[in-house]
Amino acid sequence: MANDTFFAKIMTPVGKAFEGDVQSVSLPGEKGRFQVLFGHAPILSTLVHGDVHVVDAKGSRTTYNVQAGFVEMVNNTLTLLAENVTNASTSETLS
């Protein structure tokens, strides 16, 4: 099952911070951190300020810092909408 991937995109009001196939996404939910994997049940959750860890299809990990937002996972497609997203490795901000 390690090869099972799903499509994810991280967006702000001004554009995309990330889009592609991933193995997992770990998120700062309002009720605590949670992880989304291939086949996850449909979910809609609010997010708090914190780090989003994305493991892409090749196994590379990227961390994004997000402000408050929302995430939806439906039919192996994850969509994250945040007010502000910063790539922690490059310090590039998309807000």
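About the cut-offs
- Residues numbered from 1 in each chain as written.
- Predicted model: local features only at pLDDT ≥ 70, side-chain atom pairs only at ≥ 80, totals over all residues.
- Heavy atoms only, no water.
- Buried < 20%, exposed > 50% of the residue type's maximum accessible area, 1.4 Å probe, protein only.
- Helix = DSSP H or I, 4+ residues; strand = E, 2+ residues; numbered from the N terminus.
- Core = buried A, V, L, I, M, F, W, Y, C linked by side-chain atoms within 4.5 Å.
- Pairing = 2+ DSSP bridges.

Details of unusual backbone geometry
At Asn75, a residue that is not glycine, the phi angle is positive and equals roughly 50°. The exposure class of Asn75 is exposed, given its relative accessible area of 70%. In the Ramachandran plot, Asn76 falls in the positive-phi region, its phi being about 55° despite a non-glycine side chain. One can find Asn76 in the loop between strand E7 (69–74) and strand E8 (77–82). We classify Asn76 as partly exposed; its relative accessible area is 24%.

Points about the nonpolar core
Val25, Leu27, Val52, Leu78 and Leu80 are the most contacted members of the largest nonpolar core, which totals 20 residues. Those elements that place two or more of their residues in this core are strand E1 (6–12), strand E2 (15–29), strand E3 (32–37), strand E5 (50–56), strand E6 (61–66), E7 and E8. Top element by residues in this core is E2. It accounts for 4 residues.

Points about the pairing of E2
As defined by bridge partners, E1 adjoins E2 across 7 bridges and the pair is classed as antiparallel. Looking at E2, one finds that Lys9 is bridged to Glu19. Where E2 meets E5, 4 bridges bridge the pair, whose relative direction is antiparallel. By the bridge assignment, Val25 is partnered in E5 with Val54. The sheet contact formed by E2 and E3 spans 6 bridges and is antiparallel. Counterpart to Gly29 in the pairing with E3 is Gly32.

Keep in mind these values describe shape, not function.
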